[in-house]
Amino acid sequence: MAYEITGHTKLTGLLGSPVEHSISPMMHNESFRQLNLDYAYLAFDVGTDKLEVAVAGLKALGVRGFNLTMPDKNLMCSLVDELSPAAKIGGAVNTVVNDNGILKGYTTDGIGFMRSVKEAGKDIIGKKMTLLGAGGAAAAILVQAALDGVAEISVFNIRDDFFKRAEGIMEELRKETDCVLNLYDFSDPELLKKEIAESQILVNGTPIGMAPRTDRCIITDDSVFHKDLYVYDVIYNPEETLLLKKAKAAGCETQNGLNMLLYQGAAAFELWTGKEMPVDIIKQKYFQR
């Protein structure tokens, strides 16, 4: 059928900078077409300096909702009327829903991660995770994994602002969950090896190994990989990082961040439309090489 903008078309979109590379417009617009929904999704290059006025304009226009990418996720928390529990604890919003002028902020990155792990046939509920990094993606994973019932999470990060922020996130998570939470300095290789040895899943939540620096790997001691370890890298460009290559060579099962990207978008799609994104179609069209 023809897909046309009408006088009833509901607008959704993406705010961030840069956004030209984003696959989100293709994902969402194809999903709208597949389900015959009168919606459209556009990308807008908006940094933090213009975010407040942009959000006010979108609210005034009555848009249905929008996504946030870097560098806007943290500032968006102060611009919504309500925050989901995960967004409040994590201090970041990547999805906004406009319900009759009330802006509600959510974070779906962690939801996308947990769904991608589950659909790979891995049950990490009640298990232990080692998480490398405490920035945007890593923080979202930390929050959702703890809320969903991962028993223990050991986070390794250098002592930067993200380290301090992770301390605050863990303090809030301890109030809301029974998850055992550990935060360690990344400078102790023996402690890292010990924690990975006790873990069922190792997650790289940092950009180390991302194109164009594909020769980099956050793990320098290949002996940390054990046959029962599931290794997950949130990076999806390249599709197989050096970390995943090393893990696979050691006999580990692995996954990159493509499905996390897909399923975080699917969660946002459902918040806006009340419908399930046709993920199989989207995966086949945009995520398979």
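Residues numbered from 1 in each chain as written. Predicted model: local features only at pLDDT ≥ 70, side-chain atom pairs only at ≥ 80, totals over all residues. Heavy atoms only, no water.

(A) Quick peek at the pattern of salt bridges. A full pass over the atoms with the stated rule returns 19 salt bridges. The partner of Arg33 in a salt bridge is Glu30, with the nearest N and O atoms 3.1 Å apart. Of the two residues, Arg33 and Glu30 are both situated in helix α1 (residues 24-34); the distance of three residues between them amounts to about one turn of the helix. The partly exposed category is assigned to Arg33, whose relative accessible area is 36%. Lys73 is paired through a salt bridge with Asp109; the nearest N and O atoms lie 2.8 Å apart. Of this pair, Lys73 sits in the loop between β3 (65-68) and β4 (82-83) while Asp109 sits in helix α4 (residues 109-119); the two residues are 36 residues apart in sequence, bridging distant segments of the chain. Taken individually, Lys73 and Asp109 each receive the classification buried, so the pair is uniform in this respect. Bridged by salt links that share partners, the residues Lys128, Glu152, Lys194, Glu195 and Glu198 form one connected network. (Salt bridge = Lys/Arg side-chain N within 4 Å of Asp/Glu carboxyl O. Helix = DSSP H or I, 4+ residues; strand = E, 2+ residues; numbered from the N terminus. Buried < 20%, exposed > 50% of the residue type's maximum accessible area, 1.4 Å probe, protein only.)

(B) Highlighting the sheet that holds β4. Spatial strand order, β2-β1-β3-β5-β6-β4: six strands in an open sheet with mixed pairing. A strand with exactly one partner marks an edge of an open sheet, and here the two such strands are β2 (39-45) and β4. Pairing between strand β1 (residues 10-16) and β3: four bridges, direction parallel. Across the sheet, residue Gly13 finds its bridge partner in β3, namely Phe66. (Pairing = 2+ DSSP bridges.)

(C) Region of interest: α1. Among the 11 residues of α1, eight are classified as buried, and the element is accordingly described as predominantly covered. Along α1, the positions that sit buried rather than exposed are Ser24, Pro25, Met27, His28, Asn29, Glu30, Ser31 and Phe32. Turning to α1, the residues buried within the fold contact β1, β2, β3, α9 (258-273) and α10 (279-287). In the stretch just after α1, Asn36 is the one whose phi turns positive, near 55°. (Contact = heavy atoms within 4.5 Å.)

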